[in-house]
Amino acid sequence: MATKTKSCKTCVACADLITIRYDKVRRFPARYCTACEKITQEISVCDLWQEKETTCDLSEKRIEEAVEDVSYFIDRVSELVKTR
């Protein structure tokens, strides 16, 4: 699958930069290129760019885990609603 525009955001070698401050988690617009070992911007691109492939895990085990997670949250929300 070819992308329309090459950018660090779509490169397999780039990773998000995240900071945790107090109770907030933020993602910076800058990214870290593991191939060049430097901080880049999302819109920049280098000669080492490779397309990032997305994969979906739709196995039965993963779907069962998702159902368990959703039922856990439904139970917690219903408990919160009852206490108010």
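Note that this is a predicted model, so its numbers are computed, not measured.

Conventions used here
- Residues numbered from 1 in each chain as written.
- Predicted model: local features only at pLDDT ≥ 70, side-chain atom pairs only at ≥ 80, totals over all residues.
- Heavy atoms only, no water.
- Core = buried A, V, L, I, M, F, W, Y, C linked by side-chain atoms within 4.5 Å.
- Buried < 20%, exposed > 50% of the residue type's maximum accessible area, 1.4 Å probe, protein only.
- Contact = heavy atoms within 4.5 Å.
- Helix = DSSP H or I, 4+ residues; strand = E, 2+ residues; numbered from the N terminus.
- Polar contact = N/O pair within 3.5 Å; in protein donor to acceptor, adjacent residues only side chain to side chain.
- Salt bridge = Lys/Arg side-chain N within 4 Å of Asp/Glu carboxyl O.

*Asks:* Go over the nonpolar core, please, and point to the residues and values.
*Replies:* Judged by nonpolar contacts, Cys-8, Cys-11, Ala-13, Cys-14, Cys-33 and Trp-49 together constitute the single largest core of six residues. Excluding anything up to four places from it in sequence, Cys-33 contacts Ala-13, Cys-14, Lys-38 and Thr-40.

*Asks:* So what's going on with the side chain of Arg-31? Residues and values would help.
*Replies:* As for its position among the elements, Arg-31 is in strand E2 (residues 24-33). By relative accessible area, Arg-31 is classed as buried at 4%. Among the polar contacts made by the side chain of Arg-31, one reaches the side chain of Asp-16 at a distance of 2.5 Å. Leaving out residues up to four positions away in the same chain, Arg-31 has contacts with Cys-8, Lys-9, Cys-14, Ala-15, Asp-16, Leu-17, Lys-38, Ile-39, Thr-40, Glu-42 and Lys-52.

*Asks:* So what about the pattern of salt bridges? Which residues, and what values?
*Replies:* Counted according to the given criterion, the structure contains three salt bridges. In this structure, the salt-bridge partner of Glu-65 is Arg-62, at a minimum N-O distance of 3.5 Å. Linking Glu-65 with Arg-62, this pair stays in helix H1 (residues 60-83), spanning three residues, or about one helical turn. A relative accessible area of 39% places Arg-62 in the partly exposed class. Each of Asp-16, Arg-27 and Arg-31 takes part in a single network of salt bridges with overlapping partners.

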